[in-house]
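# Working through the structure, step by step
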Amino acid sequence: MSSAIPQPLVAPTEARQPRKNNPEKTRQDILEAAIAEFAEHGLSGARVDAIAERTNVSKRMIYYYFNSKEQLYLAVLEKLYGDIRATEAALKLDQLDPEAALRRMVEFTFEHHDGNVDFIRLVSIENIHHGAHLAESQVIRSLNKSILAEIESILDRGVAAGVFRPGIEPRDLHLLISSFCFFRVSNRYTFATIHQVDFSEPETRARHKEMICEAVLRYVRA
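The rules we used
- Residues numbered from 1 in each chain as written.
- Predicted model: local features only at pLDDT ≥ 70, side-chain atom pairs only at ≥ 80, totals over all residues.
- Heavy atoms only, no water.
- Helix = DSSP H or I, 4+ residues; strand = E, 2+ residues; numbered from the N terminus.
- Buried < 20%, exposed > 50% of the residue type's maximum accessible area, 1.4 Å probe, protein only.
- Contact = heavy atoms within 4.5 Å.
- Areas by Shrake-Rupley, 256 points an atom, 1.4 Å probe, with all protein chains shown as cover.
- Lys, Arg positive; Asp, Glu negative; His and termini not counted.
- Charge placed at Lys NZ, Arg CZ, Asp CG, Glu CD.
- Expected span 1.5 Å × (residues − 1).
- UniProt positions renumbered as here; feature names shortened; annotations may be inferred.
- Salt bridge = Lys/Arg side-chain N within 4 Å of Asp/Glu carboxyl O.
- Domains from an automatic or database assignment.
- Buried area = accessible area lost by both parts, 1.4 Å probe.
- Polar contact = N/O pair within 3.5 Å; in protein donor to acceptor, adjacent residues only side chain to side chain.

### A closer look at the overall build of the protein chain
- Within the protein chain, the secondary structure is distributed over 10 helices and 0 strands.
- Sequence-ordered secondary structure for the protein chain, helices as α and strands as β, is α-α-α-α-α-α-α-α-α-α.
- Once the C-alpha set of the protein chain is aligned to its principal axes, its extents read approximately 105 × 40 × 40 Å.
- Counting only residues that meet the buried cut, the protein chain has 36% of its 222 residues in that class.
- The long-range share in the protein chain, meaning contacts at least 24 apart out of those at least 6 apart in sequence, stands at 71%.
- Entry remark: accessible area of the protein chain is about 13,700 Å², with carbon and sulfur atoms responsible for 53%.
- Counting 28 positive and 31 negative side-chain charges, the protein chain places the centres of these two groups 3 Å from one another.

Given below as structure tokens:
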């Protein structure tokens, strides 16, 4: 008497395949969760456990990628500065005439800061730490050379065309553009409460955007 041969519970073609890991996606998911956590709680108040919960990865996995909470925080800063510089590079400002190029740069800075509150919060947090973590990053220093080079190029082209006055320091112009765009986001609640203005109101937003564009262009015109 022959015994029946047991059948496999799962056909070979249906066998579970090993899970494919995507290290870069995991790393980016951790960074996105960390941005939200650090922006909400700061460096000291942020918890790696909370970041792990946001991403459904283990705390150990986070340390595998970033070694420490401080290194993760620095990686977040590098990502945020890298994103804004990469988007600026994609604007192809060298294909526009100098005035149009400068206006587009100002408009982009305004729109970016207005739409990326976490970036503003994290830069403010890093200023509370006197820029100590940012100073450790060669990546951020290298990234931010590009914006000064872009401004210098636009100014040089404008001077050559006779539409901009010479002698403008690119770093100063960058400060002028950034300061207004940054302040209206970083101080929107205090300013709005004191002066009873709604920065999110479309007409106010459009007026502010045009104001900083005109301020910058009037400053540089010959």
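Having seen it, we continue.
### Section: helix H6 (residues 117–128)
- In this model, H6 (12 residues) spans 17 Å end to end at C-alpha, consistent with the 16 Å of a helix rising 1.5 Å per residue.
- Where H6 is concerned, the buried positions are Phe119, Ile120, Leu122, Val123, Ile125 and Glu126.
- Contacts from the buried residues of H6 go to helix H1 (23–45), helix H4 (69–89), helix H5 (98–115) and helix H8 (170–186).
- Where H6 terminates, the next one or two residues include His130, which has phi positive at roughly 60 degrees.

### Thoughts on the environment of Arg85
- Here Arg85 lies in helix H4.
- Its relative accessible area of 8% is what places Arg85 among the buried residues.
- On a C-alpha basis, the gap between Arg85 and His174 in space is 13 Å, while along the polypeptide they are 89 residues apart.
- Those residues in contact with Arg85 that lie beyond four places of it in its chain are Leu143, Asn144, Ser146, Ile147 and His174.

### Considering the UniProt feature "domain: HTH tetR-type" (unreviewed entry) in the protein chain
- With numbering matched to this structure, UniProt assigns "domain: HTH tetR-type" (unreviewed entry) to residues 24–84.
- When the span residues 24–84 is considered, its composition is 89% helix and 0% strand, and the gap between its end C-alpha atoms is 20 Å.

### Concerning the pattern of salt bridges
- Enumeration according to the criterion identifies 21 salt bridges in this entry.
- For the salt bridge of Arg104 with Glu107, the shortest nitrogen-to-oxygen distance reads 3.9 Å. Pair noted here: Arg104 and Glu107 are both in helix H5, with a separation of 3 residues, about one helical turn.
- Assessed through its relative accessible area of 26%, Arg104 is described here as partly exposed.
- A relative accessible area of 19% places Glu107 in the buried class.
- Salt bridges sharing common partners tie together Arg103, Arg104, Glu107, Glu111, Lys209, Glu210, Glu214 and Arg218.

### So, the domain arrangement of the protein chain
- Domain boundaries in the protein chain define domain 1 (22–67) and domain 2 (76–220).
- Counting residues at the interface gives 10 residues for domain 1, matched by 9 residues for domain 2.
- Interface of domain 1 and domain 2: buried area, both sides summed, is about 810 Å²; carbon and sulfur atoms make up 78% of it.
- Together, Ile35, Ala39 and Leu43 form the three largest contributors to the area buried by domain 1 at its contact with domain 2, with a combined 58%.
- Where domain 1 meets domain 2, there are 1 salt bridge.
- Across the pair Lys79 and Glu32 runs a salt bridge, and its minimum N-O distance is 3.4 Å.
- Counting across the interface, domain 1 meets domain 2 through 1 residue pair in polar contact (both at pLDDT 80 or more).

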